[in-house]
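Structure at a glance
Below are the chains, spelled out letter by letter.
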Amino acid sequence: MSEQLIYIDGEFFRKDEAKISVFDHGFLYGDGVFEGIRAYHGKVFRLELHITRLYDSAKAIGLKIPVSRQEMSNIVVESCRRNGIANGYVRLVVSRGVGDLGLNPYLCKIGRASCRERV
């Protein structure tokens, strides 16, 4: 496998170039949702169920995910493809996004999506 690529907000970055702001509410307060997903034999296991749970979890905390369910599924599949993951683990994370140091989540401008893989 070549160097690991990380998806963040519409772009793929090399592992050493992937950055999240220190003002991101996911970083500051753990304000976000995630899914741990497995891939087996080149197929993402129960992807639709994982995506449904991710969106249901986001709805429960009032977090708007900035991409559609289909786009999110495509992000996971493309991340696996670009990283050569046939059998491995995918961590899909959506945070509240960048805001100020206060606790009010409604001051954050937009949610952030990231996707990382591990063999």
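About the criteria used
- Residues numbered from 1 in each chain as written.
- Predicted model: local features only at pLDDT ≥ 70, side-chain atom pairs only at ≥ 80, totals over all residues.
- Heavy atoms only, no water.
- Salt bridge = Lys/Arg side-chain N within 4 Å of Asp/Glu carboxyl O.
- Buried < 20%, exposed > 50% of the residue type's maximum accessible area, 1.4 Å probe, protein only.
- Helix = DSSP H or I, 4+ residues; strand = E, 2+ residues; numbered from the N terminus.
- Polar contact = N/O pair within 3.5 Å; in protein donor to acceptor, adjacent residues only side chain to side chain.
- Core = buried A, V, L, I, M, F, W, Y, C linked by side-chain atoms within 4.5 Å.
- Contact = heavy atoms within 4.5 Å.

Moving on, we get to the pattern of salt bridges. Enumeration according to the criterion identifies seven salt bridges in this entry. Where Asp 16 meets Arg 14, a salt bridge forms, and the shortest distance between an N and an O atom there is 3.0 Å. Residue class for Arg 14 comes out partly exposed when judged on its relative accessible area of 35%. Between Glu 17 and Arg 14 there is a salt bridge, and its shortest N-O distance comes to 3.6 Å. On the basis of relative accessible area, Glu 17 is assigned to the partly exposed category, the value being 40%. Connected via shared salt-bridge partners are Glu 3, Arg 14, Asp 16 and Glu 17.

The next subject is the side chain of Ser 79. As for its placement among the helices and strands, Ser 79 is situated in helix H3 (residues 69–82). Here Ile 75 takes part through its backbone oxygen, which lies 2.8 Å from a polar atom of the side chain of Ser 79.

Inspection of the secondary structure assignment puts Asp 31 in the loop between helix H1 (25–29) and strand E3 (32–40). Sequence separation of Asp 31 and Gly 99 is 68 residues, and the distance between their C-alpha atoms is 11 Å. Among the polar contacts made by the side chain of Asp 31, one reaches the side chain of Arg 96 at a distance of 2.8 Å.

Another point: unusual backbone geometry. Unlike most non-glycine residues, Asp 9 shows phi in positive territory, near 50°. In this fold, Asp 9 is placed in the loop between strand E1 (5–8) and strand E2 (11–14). Asp 9 sits in the partly exposed class, given a relative accessible area of 36%. Positive phi, close to 50°, is recorded for His 41, a residue that is not glycine. Turning to its location among the elements, His 41 is positioned in the loop between E3 and strand E4 (43–44).

Glancing now at the nonpolar core. Counting residues in hydrophobic clusters, the biggest one holds 22 residues, and the most contacted among them are Leu 54, Tyr 55, Ile 65, Met 72, Leu 92 and Val 94. Looking at this core, the elements that each hand over two or more residues are E3, helix H2 (47–60), H3 and strand E5 (88–95). By residue number, the principal contributor to this core is H2, which donates five residues. The residues touching Leu 54, leaving out its near neighbours within four places in the chain, are Val 33, Phe 34, Glu 35, Ile 65, Met 72, Leu 92 and Val 94.

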